[in-house]
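Chains, contacts and geometry: an overview
So the chains spell out like this:
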Amino acid sequence: AVVSTQSTGMKVNGELLVEDIRRALSSDSTFFFTDLLENCNVLLNTEYEPYLKLLSIFSAGKYLNFAENAGNLPELNEVELTKLRILTILRMSSNKRVLKYSDMLVETGLSSSRDLEQVIIQSIQHNVLDCKIDEANEQVFVNQISGYNVTAEQQDYLLDSLAKWSESCRTITESMQADVNNATCKLKTNVKETVEFQKAVEAAKASVKKEKPHREASSAKSRKRLA
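Residues numbered from 1 in each chain as written. Predicted model: local features only at pLDDT ≥ 70, side-chain atom pairs only at ≥ 80, totals over all residues. Heavy atoms only, no water.

As for the confidence of the model for the protein
Model confidence for the protein is summarised by a mean pLDDT of 83, while 78% of its residues fall at 70 or above. Helix 8 (residues 152-226) is the least confidently modelled element of the protein, averaging 71 in pLDDT, while helix 6 (residues 101-108) averages 98, the highest of any element. Scored below 50 in pLDDT, residues 1-6 makes zero contacts in the model with residues more than four places away or belonging to other chains. (pLDDT = per-residue confidence, 0-100. Helix = DSSP H or I, 4+ residues; strand = E, 2+ residues; numbered from the N terminus. Contact = heavy atoms within 4.5 Å.)

In structure tokens form, the structure reads like this:
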């Protein structure tokens, strides 16, 4: 009886977790699944394990991971398929800033550019992708992505990018500081030269003022002799 009660409790708990998974997969505001995935680890080695695997794909995989194992996984409705395709594009964008239609069509399992553009537009509407669509050249310029799980490899790439960005900022800051120091030095030199020039001008004026009476007296004596 105890075993039966435990089994029943596990089944009820499993069904509730499956409902949570389904809600998360179809929600247009949920693109982060780490917490739910941790809670659902209890589904491992149970009849609900396919839902755990499906959640794992949404958390860190792509559409092709689902397509290749669709026979062993729960079916997805159109909303869920679109969401998985959005997540696929986001993960493609994590280490590329220019995405070609041809690559995205393969990764999302879509067959037409029009359908692909609809998925991209929905990504923009959900505020998880900021990009510019270049229909003429069939490519997308990615500006920013947000709100989704990243894999360990993607974390390494992001950390490396942040380290490079930090080093670039440090180099730019040092260069700017050197320019500021150089400009300050030149300014001090110019100020010193200006002060010295002003002193020279004042000294010259004082000298001229001092010599003026002597010149006037000398000129008067010269006029007297002539007279």
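So that's the structure; there's more coming.
Here's the deal with the sheet that holds strand 2 (residues 129-134)
Across the sheet, three strands lie side by side as 1-3-2; this open sheet has antiparallel pairing. Looking at the sheet topology across the chains shown, the edges are occupied by strand 1 (98-100) and strand 2. Taking the axes of each pair of neighbouring strands and ignoring which way they run, one obtains an average angle of 30° across the sheet. As paired elements, strand 1 and strand 3 (residues 139-145) share three bridges and run antiparallel to each other. Opposite lysine 100, over in strand 3, you have glutamine 139 as the bridge partner. Against the sheet, helix 6 makes contact with strand 1, strand 2 and strand 3, and its axis sits at roughly 70° relative to strand 1, the strand it touches most. (Pairing = 2+ DSSP bridges. Axes fitted to C-alpha atoms, helices over the stretch in contact; angles between N-to-C directions.)

Overview of a nonpolar patch on the surface
Where nonpolar side chains cluster on the molecular surface, the patch consists of Leu187, Val191 and Val195 and spans about 250 Å² of accessible area. Residue placement: valine 195 occurs in helix 8. Taking relative accessible area as the criterion, valine 195 reaches 35% and is therefore assigned partly exposed. (Patch = residues over 30% accessible without salt bridge, like charges linked within 9 Å, V, L, I, M, F, W, Y side chains within 5 Å. Areas by Shrake-Rupley, 256 points an atom, 1.4 Å probe, with all protein chains shown as cover. Salt bridge = Lys/Arg side-chain N within 4 Å of Asp/Glu carboxyl O. Buried < 20%, exposed > 50% of the residue type's maximum accessible area, 1.4 Å probe, protein only.)

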